[in-house]
Amino acid sequence: MRHSARLCKADAPSPPFGRSDDGYRLTYGGYDYLAMRAMTKRDTIAAVGNQIGVGKESDIYITQDKEGVSQCLKLHRSVPTHLSARLAGAHDSGS
């Protein structure tokens, strides 16, 4: 239950869209959280640094393992930013 409490604090689970039953779906941020937690437990990642790149579909961060070896972490977005801006605009205008 500790993991579910942490996910709720991070707004990782969200109610399903258009469903009347009780339940939640895991957001992309929740998947990222679980993946980073697993990598931390395996000592693959000990620290996350600055964002070093932004792509159309992902963000790239510098990380280090417990020996201090630098690595890159690539987090994929659910929707590319140029599409999410268009979708948000279409949603706001009622289209």
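Residues numbered from 1 in each chain as written. Predicted model: local features only at pLDDT ≥ 70, side-chain atom pairs only at ≥ 80, totals over all residues. Heavy atoms only, no water.

Considerations on unusual backbone geometry
One non-glycine residue with positive phi stands out, namely Asp43, at about 60 degrees. Here Asp43 falls in the partly exposed class, since its relative accessible area comes to 39%. (Buried < 20%, exposed > 50% of the residue type's maximum accessible area, 1.4 Å probe, protein only.)

Section: the environment of Lys56
Relative to the assigned elements, Lys56 resides in the loop between strand 3 (47–54) and strand 4 (58–64). Its relative accessible area of 61% is what places Lys56 among the exposed residues. Separated by 20 residues in sequence, Lys56 and His76 place their C-alpha atoms 9.3 Å apart. (Helix = DSSP H or I, 4+ residues; strand = E, 2+ residues; numbered from the N terminus.)

Overview of the confidence of the model for the chain
Mean pLDDT over the chain works out to 75, with 58% of the residues at or above the 70 mark. Averaged over each element, pLDDT in the chain is lowest for helix 3 (residues 81–93) (55) and highest for strand 3 (93). (pLDDT = per-residue confidence, 0-100.)

Let's talk about the side chain of Asp65
Position of Asp65 relative to the elements: it lies in the loop between strand 4 and strand 5 (70–76). For Asp65, which is buried and forms no salt bridge, the nearest opposite charge comes from Lys66, at a distance of 8.8 Å. For Asp65, the side chain forms a polar contact with the main-chain nitrogen of Glu67, separated by 3.1 Å. From its side chain, Asp65 meets the backbone nitrogen of Val69 in a polar contact 2.8 Å long. Among residues more than four places away in sequence, those in contact with Asp65 are Asp43, Thr44, Ala46 and Gln71. (Lys, Arg positive; Asp, Glu negative; His and termini not counted. Salt bridge = Lys/Arg side-chain N within 4 Å of Asp/Glu carboxyl O. Polar contact = N/O pair within 3.5 Å; in protein donor to acceptor, adjacent residues only side chain to side chain. Contact = heavy atoms within 4.5 Å.)

Observations regarding the side chain of Thr63
Note on placement: Thr63 falls in strand 4. Leave out the neighbours within four places in its chain, and Thr63 touches Ile45, Ala47, Val48, Gly49, Val69, Ser70, Gln71, Cys72 and Leu73.

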